[in-house]
Amino acid sequence: MKTKEDSLAYVDMVKNLHKQNPEEERYFNLLMEYYTRSDDQKAMAAWAEEETSINPENKMAWALTGQVHMNAREWDAAVEAYKKAIEIDPAFIQCVFNAGVCLNGKAIDLKDQLADKNTGGLTKANADKVKAILHDARQYLEQAKELDPDREKVNWAYPLYQIYYSIGDKAKSDEMEKLVNAGN
């Protein structure tokens, strides 16, 4: 049975190996796996921040930073981190998809925040604010669809359906609904 001390010793050892051999992806991947499995968001955030400051061209460190912020529902910070990963690798499908999902989450949260407490409705101005974010989300999810048309890496169909439905694009919403229902 592993103790916390054993885990910390392991992390320190792998971190040292990673510092000595930064080009060796195996050590980075072992650390990423450890932090992901440990579910210690604070430690993972600190490590991801350390990694991006050491190597700002490490797309995986930016993806991890995005994941930490996404898990905390810090939508803007998550999207910024995913954008940095996408700048490094424009075909990084998971980050393209996650940026869209985060913007969709941001729009949903904003809608809930702005909704009339009695009716749940939005004023035209507030609905336009939500739709602007949804249009940004749509761009990322359509890009994910383009990069992964068969949904082998990410399942973009349902979030894209939600967005088309929310912005009132009936034709595309119906098309996505068929795709979503075909997958069930």
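A few points on the structure. Fair warning: this is a prediction, and the values are worked out from it, not measured in the lab.

## Some words on the pattern of salt bridges
Line of reasoning, step 1. This model, assessed by the stated rule, comprises 10 salt bridges.
Line of reasoning, step 2. Of the charged contacts, one joins Glu142 and Lys172 as a salt bridge, the two residues approaching to 3.9 Å between their closest N and O atoms. Of the two residues, Glu142 is situated in helix H7 (residues 124-147) and Lys172 in helix H9 (residues 170-182); the sequence distance between them amounts to 30 residues.
Line of reasoning, step 3. Judged by its relative accessible area of 36%, Lys172 falls in the partly exposed class.
Line of reasoning, step 4. Lys170 is the partner of Asp174 in a salt bridge, and the nearest nitrogen-oxygen pair spans 3.1 Å. Within this pair, Asp174 and its partner Lys170 are both found in helix H9, separated by 4 residues, close to a single helical turn.
Line of reasoning, step 5. Given the relative accessible area of 28%, Asp174 is considered partly exposed.
Line of reasoning, step 6. Under the relative-accessibility criterion, Lys170 is labelled exposed at 59%.

## Details of the packing of aromatic side chains
Line of reasoning, step 1. What the rule picks out here adds up to 6 aromatic pairs.
Line of reasoning, step 2. Aromatic side chains Tyr10 and Tyr34 sit 6.3 Å apart centroid to centroid with 55° between the ring planes, which places their arrangement in the tilted category. Placement of Tyr10 in helix H1 (residues 4-20) and of Tyr34 in helix H2 (residues 25-38) is noted, with a sequence separation of 24 residues between them.
Line of reasoning, step 3. When the ring of Tyr35 is compared with that of Trp47, the centres are 5.2 Å apart and the planes differ by 25°; the resulting orientation is stacked. Residue Tyr35 is located in helix H2, and its partner Trp47 is located in helix H3 (residues 41-54); the two are separated by 12 residues in the primary sequence. We note that Tyr35, like Trp47, is buried.
Line of reasoning, step 4. An aromatic cluster is defined as three or more aromatic residues linked by ring pairs; in this entry it consists of Tyr10, Phe28, Tyr34, Tyr35 and Trp47.
Line of reasoning, step 5. We note Lys59 situated over the ring of Phe92; from NZ or CZ to the ring centre the distance is 4.9 Å.
Line of reasoning, step 6. Directly above the aromatic system of Trp156 lies the positively charged group of Arg151, at a separation of 5.6 Å from the ring centroid.

## Description of H7
Every α-helical turn comprises 3.6 residues, leaving residues that sit three or four positions apart pointing alike.
Line of reasoning, step 1. With 24 residues, H7 extends 34 Å from end C-alpha to end C-alpha; this agrees with the ideal 34 Å at 1.5 Å per step.
Line of reasoning, step 2. When we look at burial in H7, the residues that qualify are Asn126, Val130, Ile133, Leu134, Ala137, Tyr140, Leu141 and Ala144.
Line of reasoning, step 3. Where the residues of H7 are buried, they touch helix H5 (75-88), helix H6 (93-114) and helix H8 (157-167).

Scoring rules and cut-offs
- Residues numbered from 1 in each chain as written.
- Predicted model: local features only at pLDDT ≥ 70, side-chain atom pairs only at ≥ 80, totals over all residues.
- Heavy atoms only, no water.
- Salt bridge = Lys/Arg side-chain N within 4 Å of Asp/Glu carboxyl O.
- Helix = DSSP H or I, 4+ residues; strand = E, 2+ residues; numbered from the N terminus.
- Buried < 20%, exposed > 50% of the residue type's maximum accessible area, 1.4 Å probe, protein only.
- Phe/Tyr/Trp six-rings, centres within 6.5 Å; stacked < 30°, edge-to-face > 60°.
- Lys NZ or Arg CZ within 6 Å of the ring centre and 35° of its normal.
- Expected span 1.5 Å × (residues − 1).
- Contact = heavy atoms within 4.5 Å.

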